[in-house]
Every structure is written in structure tokens, then in C-alpha cells.
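# A structural walkthrough
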Amino acid sequence: MAGITDWPFRLRCQECGADELVTEMVSAMGLLQAPSDSRAYQHLLAFHERERNLTIQLFGHQPDIMAGAAARVSLLPQYKGIDLNFGCPAPKVTGSGSGSALMKNLARSEQIIRAVRKATAKPLSVKMRIGWDSNHINAVDFAKMCEAAGADSLCVHGRTRQQQYAGRADWGVIAQVKQAVSIPVIANGDVFTPQNVQVLLNQTGADGIAVGRGALGNPWLFGQIKQVLRGEEPSTPSAEEILKTALSHLQDMVSFKGEHWALIEMRKHFAWYLKGTHGAAATRAQINTIDSLDKLLAILEQHFDKLEA
Ligand SMILES: Cc1cc2nc3c(=O)[nH]c(=O)nc-3n(C[C@H](O)[C@H](O)[C@H](O)COP(=O)(O)O)c2cc1C
């Protein structure tokens, strides 16, 4: 998730049970053109040595540029695979014909996948939606094209571009995709509780699931999903565990971006970690005005002490 899945967050997800990690989407053109000392690209490519099974996601619309970027990142040992973004709905991405706009252009999408396939021997996956809008649901044809062009796996977000993130994800179309191709299909969309994963897997026959928003402030969801799939009761993190995880996240963010930016970046994460806890709104308001790490730690400890009491 752009603006969210940097290594401090990915590490929390991995520690809590995520088997595979994906970077934020990275512009293929930006990557090729950025000077080697570009902070923005250093940050986008940053990883932690403890991360495992990390895939980098690229976006763009020009086959040669996508292939060039894929060749470049293929040399970086931290990435197990390359994922191509055919799902982003943001106008600034689709406006240039990238992201989910590619679902309207099968010929161009095929050229991109074929070019990237030639440029890398690493596992190649495609992140897609089910179509552009409700009148153009073409996930099955698109998925077949991806397979024929050389993709090793697909991740299908069960919404159209028109839906953005609203409405319900259509797991039925994901099931149709699974039926239509023989490469692994990962189902995505609306996994917020461990309990609905079994339903998603049963309905789609998918080979795995991808979680986005459900993990915000709740990386424990990954472990809980595994517990439920093993037939166990999912365990709920204690207030102490939530605080410990939030503090490790903060500490990693400070070492990643420095204290000033960490305090700003972590505001949204703390809002998510605090969500649903007693007094969250007041604590969040305090955190949003804080300008020192010490004050932030004091506020957090006070909030979670109260919860435990
Ligand atoms: C803030 C935000 C940023 C996102 N950025 C990306 C991205 O960079 N690449 C991508 O493939 N999907 C991105 N997504 C989409 C999610 O990966 C996922 O497909 C979508 O949210 C549906 O899954 P969920 O219901 O589990 O969240 C983003 C979603 C959100 C909310």
C-alpha cells in the first residue's frame, strides 16, 4: 500500500505471521530516472535484513521502461519477485495509462508483461482488479492474457476501478478467474477479520489471500488467520502487546526516517493501533500535536496503562 508498506510496517506484518511481503508501488520511470542519491527512491527501495519473501511492485505503462526497471531491480537480492501494478485507481496514475487503466488496454498490458518476462528470471506476479467499471468486467480475459504472456501468479482485487475502495469486493469474479487459469491466484479484498478468510477461500478456491487495509494497526490479523485456518480460536493481542508492537514500529521508523519524520509518519499508524480502545480520540488528538519522542512515549504509555488497569 502506497505511503504505508515501508519496511517498519512490513516487518510488523511479518513478525505477526505474514508469509509474503510487497513494497509500496514504485514508478518504473521514476526508478530509472532518479539520481542514485534520490532520498525518495532510497526510501522506496529500503528494506530490513530480517524481511523475507519480499516482492517489489512496479507501475508504469511503457513496456521498455517497465522491462528496464524490472532488469534493474532483478539485480537486487532483497527482492524475491516482481509484481506489476494493474490495479491502482488514482487519477494521477491512470491518467498516464498506468495502474488500473491498463485493464482497458489488453494489448499494451500484454506487451508490458512479455517485456518484463524477458527482463527477469524472478517470479513475476500481476496485481489486477476485476475490470474498469461495472460495464467492463474483464478479469477472466485479462487473467488468461497475463498467464499466456508469462505471469507466474495473479493477485485479484475483487473491485472495479470505478469502485475504488467502496462497496463490497466481488469474490465471485475471483472464483471465475481461478477457474480460468492454471497459475496460482491470490484473492484480495475485504479481509478484515480472520473468520471471513475461510469463506473467501471456499468461495474462490484461491491459492492464498492478500490483506491490505485489514492489517492497518492490526498486523495480528495474519497470525489470527493462520489460527482460524488451523481450526483454532484466534488470540487477541493484549494492551501490552499492542503497545510493544507500536513502540517497535516507532523505533524502526525513527531509525529509518529520523525523529522528526517518524513522529509525522507514525501519526496515522498510532491512530490505527489505538482504534477502538477507550479514550482513543483524546490520545490521537494529543499525538497529532506532539513534537518530541519523549512526550509521545509518555502519552502512549499513559494510554495503554489505563487500558490495562
Ligand atoms: C492507502 C492505500 C494504498 C494502496 N496502495 C497500493 C499499492 O501501492 N499497490 C497495490 O497493489 N495496491 C494498493 N492498494 C490496494 C490494496 O493493496 C488492496 O488491493 C485493496 O485495499 C483491497 O484489499 P483490502 O480490502 O484487503 O484492503 C492500496 C490501498 C490503500 C487503501
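Computed from a predicted structure; not experimentally measured.

Turning our eyes to something else, we now look at the overall build of the protein chain. Broken down by element type, the protein chain carries 13 helices and seven strands. The C-alpha radius of gyration computed for the protein chain amounts to 20 Å, which stays within 12% of the reference 19 Å derived for 309 residues, consistent with globular compactness. With respect to the three principal axes, the spread of C-alpha positions in the protein chain is 60 × 50 × 35 Å. Residue burial in the protein chain is summarised as follows: out of 309 residues, 54% are buried. Within the protein chain, contacts between residues separated by at least 24 positions form 68% of all contacts whose residues are at least 6 apart in sequence. For the protein chain, the exposed surface amounts to about 14,200 Å²; the carbon and sulfur share of it is 52%. Across the protein chain, 32 positive and 30 negative side-chain charges occur, with their mean positions spaced 6 Å apart.

Attention now moves to the site of the ligand. If you check the shell around the ligand, you find 15 residues, and the closest are A2, Q57, N188, D190 and R213. The separation between an oxygen atom of the ligand and a polar side-chain atom of N188 is 2.5 Å. Backbone polar atom of D190 to an oxygen atom of the ligand: 2.7 Å apart, as the coordinates give it. Taking 600 Å² as the accessible area of the ligand by itself, protein coverage stands at 84%. In terms of residue class, the shell around the ligand is made up of six nonpolar, six polar and three charged.

With that settled, consider the state of the cysteines. In this structure the tally under the stated criterion is zero disulfides. The cysteine C88 is free of any disulfide, with C155 supplying the nearest cysteine sulfur at 14 Å. Unpaired in terms of disulfides, C155 finds its nearest cysteine sulfur in C146, a separation of 12 Å. According to the relative accessible area criterion, C155 is buried, its value standing at 13%.

Scanning the model with the defined rule gives three aromatic pairs in all. Arranged with centres 5.6 Å apart and planes meeting at 55°, the rings of W7 and F256 form a pair that is tilted. Note that W7 is positioned in helix 1 (residues 7–15) and F256 in helix 11 (residues 239–274), a separation of 249 residues in sequence. Across this residue pair, the class does not change: W7 and F256 are buried. Ring geometry for F86 against F142: centres 5.6 Å apart, planes inclined by 85°, an arrangement best described as edge-to-face. One end of the pair, F86, is in strand 3 (residues 81–86); the other, F142, is in helix 7 (residues 139–149), and 56 residues separate them in sequence. Here F86 and F142 have matching classes, each one buried. Here the guanidinium or amino end of K104 rests over the ring plane of W132, the centre of that ring lying 3.8 Å away.

Attention now goes to the packing of helix 6 (residues 106–119) against helix 7. One can describe the packing of helix 6 onto helix 7 by two numbers: an axis separation of 9 Å at closest approach and a directional angle of 30°. Compared by their axis directions, helix 6 and helix 7 come out roughly parallel. The element helix 6 and its partner helix 7 pack so that their crossing is right-handed. Along its contact with helix 6, which presents L106, S109, E110, I113, R114 and R117, the element helix 7 presents D141, F142, M145, C146, A148 and A149.

The subject of this paragraph is the sheet that holds strand 5 (residues 153–157). With parallel pairing, the seven strands of this open sheet are ordered in space as 1-2-3-4-5-6-7. Across the chains shown, the open sheet's two edge strands, defined by having one partner strand only, are strand 1 (21–27) and strand 7 (208–210). Strand-to-strand, the axes of this sheet are offset by a mean angle of 25°, without reference to chain direction. In terms of strand pairing, strand 2 (residues 54–59) meets strand 3 through four bridges, oriented parallel. Within strand 3, the position partnered with L58 by the bridge is L84. Lying on the sheet, helix 1 is in contact with strand 1 and strand 2; it crosses strand 1 at an angle near 155°.

Turning to the domain arrangement of the protein chain, a few remarks are in order. Considered domain by domain, the protein chain is made up of domain 1 (7–229) and domain 2 (239–308). Between domain 1 and domain 2, the C-alpha centre-to-centre distance is 29 Å. Contact with domain 1, which involves 11 residues of that partner, is made by 13 residues of domain 2. Carbon and sulfur atoms supply 72% of the area that domain 1 and domain 2 bury against each other, a total of about 1,200 Å² over both sides.

Let us look at the side chain of D6. Positionally, D6 belongs in the segment before helix 1. Sequence-distant contacts of D6, defined by excluding residues within four places in its chain, comprise E24, M253, F256 and E265.

Moving on, we get to the packing of helix 1 against helix 11. Running from N to C, helix 1 and helix 11 point in directions that differ by 55°, and their axes come no closer than 11 Å. Here helix 1 is positioned oblique relative to helix 11, judged by the angle of their axes. Contacts between helix 1 and helix 11 involve W7, P8, F9, L11 and R12 from the former and T245, S248, H249, D252, M253, S255, F256, H269 and Y273 from the latter. Its residues assigned to classes, the contact of helix 1 with helix 11 shows seven nonpolar, five polar and two charged.

The rules behind the values
- Residues numbered from 1 in each chain as written.
- Predicted model: local features only at pLDDT ≥ 70, side-chain atom pairs only at ≥ 80, totals over all residues.
- Heavy atoms only, no water.
- Helix = DSSP H or I, 4+ residues; strand = E, 2+ residues; numbered from the N terminus.
- Rg over C-alpha atoms; globule rule 2.2 N^0.38 Å.
- Buried < 20%, exposed > 50% of the residue type's maximum accessible area, 1.4 Å probe, protein only.
- Contact = heavy atoms within 4.5 Å.
- Areas by Shrake-Rupley, 256 points an atom, 1.4 Å probe, with all protein chains shown as cover.
- Lys, Arg positive; Asp, Glu negative; His and termini not counted.
- Charge placed at Lys NZ, Arg CZ, Asp CG, Glu CD.
- Near = heavy atom within 4 Å.
- Polar contact = N/O pair within 3.5 Å; in protein donor to acceptor, adjacent residues only side chain to side chain.
- Nonpolar A, V, L, I, M, F, W, Y, C, P; charged D, E, K, R; others polar.
- Disulfide = S-S within 2.5 Å.
- Phe/Tyr/Trp six-rings, centres within 6.5 Å; stacked < 30°, edge-to-face > 60°.
- Lys NZ or Arg CZ within 6 Å of the ring centre and 35° of its normal.
- Axes fitted to C-alpha atoms, helices over the stretch in contact; angles between N-to-C directions.
- Parallel < 35°, antiparallel > 145°, perpendicular 65-115°, else oblique.
- Left-handed = near helix turned anticlockwise from the far one by under 90°.
- Pairing = 2+ DSSP bridges.
- Domains from an automatic or database assignment.
- Buried area = accessible area lost by both parts, 1.4 Å probe.

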